[in-house]
Amino acid sequence: MIRPARESDLQEVEKIFHEILDHEAETVNYSNWIKGKYPTRAHAEKAWKEGTLYVGEDETGRLFGCANLNHIQLDEYVKIPWEYEGEGDEVFVIHMLCIRPDCARQGRGKEFIAFSEELARTRGCKTVRIDTYEGNKPAESLYTSLGYRLAGKTLFFFQQVIWENLICLEKKL
């Protein structure tokens with residue numbers, strides 16, 4: 001089940017961030033995120049206060065992931081040659097999609113994307129957009145397998161923390 005986050009979820013969301021970043025430190029850093037810089041509890045708390053933080057909860061009540069779902073397009077999105085038009089609230093953006101490492105490859109990412117698309121439809125959105133680090137091949141593969149098209153790539157000063165090339169993908173609803 002995916003639901004809006006509660007304040008009581010914030011500690012567990014922060015734990016998910018740490019698990020992902022610790023796992024990547026031991027294996028491959030697909031996300032290019034930096035522990036203590038992004039994502040952090042402060043990022044989750046801001047999204048929660050804005051009512052845009054969602055969590056995935058398994059049948060036992062354990063959180064398996066989270067995402068920030070809103071209409072905020074990063075400034076760099078203007079550099080992308082989007083095929084599917086949309087302005088303001090017509091565009092739904094998936095940010096900070098995180099799945100616990102021990103829950104990976106169980107369909108949880110697909111579940112979050114499907115939930116996000118349905119939420120976007122109920123809000124009258126025309127398109128969904130998402131970005132990921134150019135080296136995050138597992139995420140890129142997931143998104144393209146779900147019908148997202150590569151719209152472009154550009155240099156971002158992500159969260160005013162990391163200079164990186166992000167690929168941007170989109171799907172028409």
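My aim in this report is to walk through the structure given alongside it, one point at a time.

Below, the discussion takes up the environment of Ala44. With respect to the element layout, Ala44 can be found in helix 2 (residues 41–50). When neighbours within four sequence positions are excluded, Ala44 is seen to be in contact with Leu10, Val13, Phe17, Leu53 and Met96.

Below, the discussion takes up the state of the cysteines. What makes a disulfide is a covalent bond joining the sulfur atoms belonging to two cysteines. In the structure shown here, the tally under the stated rule is zero disulfides. In this structure Cys98 is not part of a disulfide, and its nearest cysteine sulfur, from Cys66, lies 4.3 Å away. Its relative accessible area of 1% is what places Cys98 among the buried residues. With no disulfide of its own, Cys125 lies closest to Cys168 among cysteine sulfurs, the gap being 17 Å. Residue classification places Cys125 among the buried positions, given a relative accessible area of 8%.

Attention shifts here to helix 4 (residues 137–145). Here helix 4 has its buried residues at Ala139, Glu140 and Tyr143. All buried residues of helix 4 fall inside an arc of 100° around its axis, so they share one side. In helix 4, those exposed residues whose orientation departs by more than 90 degrees from the buried face are Lys137 and Ser145. Buried residues in helix 4 make contact with strand 4 (91–99), helix 3 (108–122), strand 5 (127–133) and strand 7 (162–172). The N-cap residue of helix 4 is Asn136: its side-chain oxygen and the backbone nitrogen of Ala139 are 3.1 Å apart.

On to the side chain of Glu76, then. Here Glu76 lies in the loop between strand 3 (63–70) and strand 4. Notably, Glu76 is buried but unbridged: the nearest opposite-charge side chain belongs to Lys79, and the N-O separation is 5.8 Å. Residue contacts for Glu76: discarding those within four places in its chain leaves Thr154, Leu155, Phe156 and Phe157.

It is worth spelling out the packing of aromatic side chains at this point. For the structure shown, the criterion picks out seven aromatic pairs. Note on Trp33 and Tyr38: the rings are 5.6 Å apart at their centroids and 80° apart in plane angle, and the pair reads as edge-to-face. Grouping residues by exposure puts Trp33 and Tyr38 together as buried. Where Tyr54 meets Phe115, the ring centres are 5.5 Å apart and the plane angle is 55°; that geometry is what we call tilted. On the criterion of sequence distance, the pair formed by Tyr54 in strand 2 (residues 53–57) and Phe115 in helix 3 is long-range, its members being 61 residues apart. Among the residues examined, Phe115 registers a relative accessible area of 24% and is labelled partly exposed. By the ring-pair criterion, three or more aromatic residues cluster together here, those being Tyr77, Trp82 and Phe156. When the ring centre of Phe64 is taken as origin, the NZ or CZ atom of Arg108, which lies over that ring, is 4.2 Å away. One cation-aromatic arrangement involves Arg129 over Trp82; the distance from NZ or CZ to the ring centre is 4.0 Å.

Cut-offs and rules
- Residues numbered from 1 in each chain as written.
- Predicted model: local features only at pLDDT ≥ 70, side-chain atom pairs only at ≥ 80, totals over all residues.
- Heavy atoms only, no water.
- Helix = DSSP H or I, 4+ residues; strand = E, 2+ residues; numbered from the N terminus.
- Contact = heavy atoms within 4.5 Å.
- Disulfide = S-S within 2.5 Å.
- Buried < 20%, exposed > 50% of the residue type's maximum accessible area, 1.4 Å probe, protein only.
- Arc of directions from axis to C-beta.
- Polar contact = N/O pair within 3.5 Å; in protein donor to acceptor, adjacent residues only side chain to side chain.
- Lys, Arg positive; Asp, Glu negative; His and termini not counted.
- Salt bridge = Lys/Arg side-chain N within 4 Å of Asp/Glu carboxyl O.
- Phe/Tyr/Trp six-rings, centres within 6.5 Å; stacked < 30°, edge-to-face > 60°.
- Lys NZ or Arg CZ within 6 Å of the ring centre and 35° of its normal.

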